[in-house]
Amino acid sequence: MLDDMALGLVVSILTVGCLCGALLGGGFSDRYGRQKVMFSSAVFFIVSSLGCALSGNLVSLLVFRLICGLGIGVISAVAPIYISEISPARLRGTLVSYNQLAIVIGILIAYIVDYILLDYERNWRLMLGFPFFFSVAYLLLLGILPESPRWLSARGKAGRARQVASKLNLEAGEMTVSDTNTQEGRDRIKVTELFKGNLAKVVFIGSILAALQQITGINVIINYAPSIFEMTGVAGDIALVQSILVGVVNLLFTLIAVWLVDKVGRKILLLCGSLGMGISLLYLVYTFVVPAANGIGALIAVLCYIGFFAASLAPLMWVVTSEIYPSRIRGTAMSLSTGISWLCTFLTVQFFPWILNNLGGSVAFGIFAVFSIAAFAFILFCVPETKGKSLEAIEKELGVDKEAEENVKEEQMAEQYPQMDGLCDTACAYAARVRQFAEQRGVSFDDAMTELEERLEQVRWKVMPAGPQRQENCGTLDVPAEECRVLRLVQGIASCYGMTAQQYMESAYVDDFFSGVADGRSGTAVAISAAVEAAE
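In this text, all values refer to a predicted model and were calculated from it rather than measured experimentally. (Residues numbered from 1 in each chain as written. Predicted model: local features only at pLDDT ≥ 70, side-chain atom pairs only at ≥ 80, totals over all residues. Heavy atoms only, no water.)

**Student:** Looking at this structure, how should I read the overall build of the protein chain?
**Tutor:** Tallying secondary structure elements over the protein chain gives 25 helices and zero strands in all. Looking at the 536 residues of the protein chain, the share that counts as buried comes to 46%. Summarising the internal contacts of the protein chain: among those between residues at least 6 apart in sequence, 77% fall at separations of at least 24. Accessible surface, the protein chain as shown: approximately 26,500 Å² in total, 63% of it carbon and sulfur. (Helix = DSSP H or I, 4+ residues; strand = E, 2+ residues; numbered from the N terminus. Buried < 20%, exposed > 50% of the residue type's maximum accessible area, 1.4 Å probe, protein only. Contact = heavy atoms within 4.5 Å. Areas by Shrake-Rupley, 256 points an atom, 1.4 Å probe, with all protein chains shown as cover.)

Here is the structure:
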């Protein structure tokens, strides 16, 4: 018999594997293909189901539960990607939503199988080993699934990609758009980019929404439903029947969510769901505080909670996060959200038994009720409505499309530093001339810049004895260090001629300075004379 902490560890170790699998699955699928990675998840399921059923001690049970979690994490990350990549545009949203529906059906089947096996000796081994048969079926079915045509196209296998796309009835135009997006996705995204500007706000919304999906208690209800009902005074076998009802309600309200999501909108469903969850959990707290209210009241509260969750946070967290993240960071940001979701799952599942048995059900479910109410407030004030909007329109509305960010940046520069207008282009043009000069001299860019800067100082102190003119501090702007260095150089040279940087770049003196440096001292004198004549 397991104590509370051991029971929590057996349940929560699964989520540790889920977290690792989710974080690794996306990257491996980009490298080796969607089909191969899904195949590996099927192998994980087969090995873990047999291992759990035959485990002789707690350590081996934990190891195989961890392996099972790896399989779940991998498929949770890769399945939505695969479905979206093999789906035509007109059906993509519906087909991706069916992923959540399939999960709910699996939960219901697990409840029914557990009830059937309840009277068997060592029933827990049978319950943990039964997924072996589904895992084998999953492995065999993967054999008839094609590789993602988008992944094939991105790997230069255009001929095979067209064959698969033709079998899937994907239009050529969809493949062209996908290829472009995939190529853009190859550009490595720095994690720090997720925490800058408007992107930080969007990532914050998605991350908090992912956390709220789990810390409102759904996996506790799913995993510990029989134990919860027993604590409210319901017998063990009847408690398992009520758990089956939980699965049925979960399925029905998931279907309602799929039906309503494009009719009433994401935000309304999320608000109604989180509010209903909070009220249901508060009543469940009441059933623990007042013993006479136990039994049917607890069942109704749990079923209502499941229904509200299934119609809101369960599917819509994934929908909203995938919509608000701009395309160039969607994969990286979704990995972050998924990781946060699994981390919160681990924490709630791990510590729930201890809280329930030591502090009581009223405290445990009271915490979840508070989080549900917090979710309502967060959704009301922070989560945007995305129904009926294109992804491009959502990006522009949130100010996270690349063009919008660049426009905002340019406007801020023009407003705060009007004299900097056009200097970045000047720096780029002059940097190209410096590189050409460096190649002619057979030196590096940095060495050429150092030589030019030293000669500038020799010229400037003679032409401008009062000291150099003021130069803009481009370090306060979003200008690369190399361009900033070039900009200061060209401004310094231009000041010797009594010109602005733009005027200097359009004058006949541009090559004089390079010639002067190349010719040594005599060349420097030429540059000084030209500067003095220009000043006079």
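**Student:** Looking at this structure, I do not really get the packing of helix α10 (residues 197-215) against helix α17 (residues 361-382). What am I missing?
**Tutor:** The packing of two helices is summarised by the inter-axis angle and the distance between the axes. Taken N-terminus to C-terminus, the directions of α10 and α17 make an angle of 155°; their axes are 10 Å apart at the nearest point. Taken together, the axis directions place α10 and α17 in an arrangement best described as roughly antiparallel. Of the two elements, α10 crosses α17, and the hand of that crossing is left-handed. Residue-level contacts link F204, I205, I208, L209, L212 and I215 of α10 to F368, F371, A375, F378, I379 and C382 of α17. In terms of residue class, the contact of α10 with α17 is built from 12 nonpolar, no polar and no charged. (Axes fitted to C-alpha atoms, helices over the stretch in contact; angles between N-to-C directions. Parallel < 35°, antiparallel > 145°, perpendicular 65-115°, else oblique. Left-handed = near helix turned anticlockwise from the far one by under 90°. Nonpolar A, V, L, I, M, F, W, Y, C, P; charged D, E, K, R; others polar.)

**Student:** Help me out: how do you make sense of a nonpolar patch on the surface in this one?
**Tutor:** Residues V248, L252, F253, L255, I256 and W259 make up a contiguous nonpolar surface patch of about 530 Å² in total accessible area. Assignment of secondary structure puts F253 in helix α12 (residues 236-260). (Patch = residues over 30% accessible without salt bridge, like charges linked within 9 Å, V, L, I, M, F, W, Y side chains within 5 Å. Salt bridge = Lys/Arg side-chain N within 4 Å of Asp/Glu carboxyl O.)

**Student:** For this particular structure, what's the right way to read the nonpolar core?
**Tutor:** Most often, soluble globular proteins have nonpolar side chains that are buried together. Residues L284, I306, F365 and V383 are the most contacted members of the largest nonpolar core, which totals 62 residues. Broken down by element, the residue count for this core peaks at nine residues, all from α10. Ignoring anything within four residues of it in the chain, the contact list for V383 reads I205, L209, K267, L270, V320 and F378. By size, the runner-up hydrophobic cluster in this structure holds 19 residues, among which are Y430, L487, A501 and Y504. (Core = buried A, V, L, I, M, F, W, Y, C linked by side-chain atoms within 4.5 Å.)

**Student:** Where do I start with the side chain of S55 in this structure?
**Tutor:** Of note, S55 is situated in the loop between α2 (34-54) and α3 (58-86). Taking relative accessible area as the criterion, S55 reaches 4% and is therefore assigned buried. The contact partners of S55, leaving out residues within four places of it in the chain, are S60, L61, F64, W124 and R125.

**Student:** Help me out: how do you make sense of the packing of aromatic side chains in this one?
**Tutor:** Under the definition given, this model contains 11 aromatic pairs. Ring plane angle 45° and centroid distance 5.7 Å describe the contact between Y283 and Y286, whose orientation is recorded as tilted. With Y283 and Y286 both in helix α13 (residues 266-289) and three residues apart, this pair spans about one turn of that helix. A residue is classified by how much of its surface remains accessible, and Y283, at 38% relative accessible area, is partly exposed. Within the aromatic cluster, the residues linked to one another by ring pairs are F130, F132, F133 and F134. (Phe/Tyr/Trp six-rings, centres within 6.5 Å; stacked < 30°, edge-to-face > 60°.)

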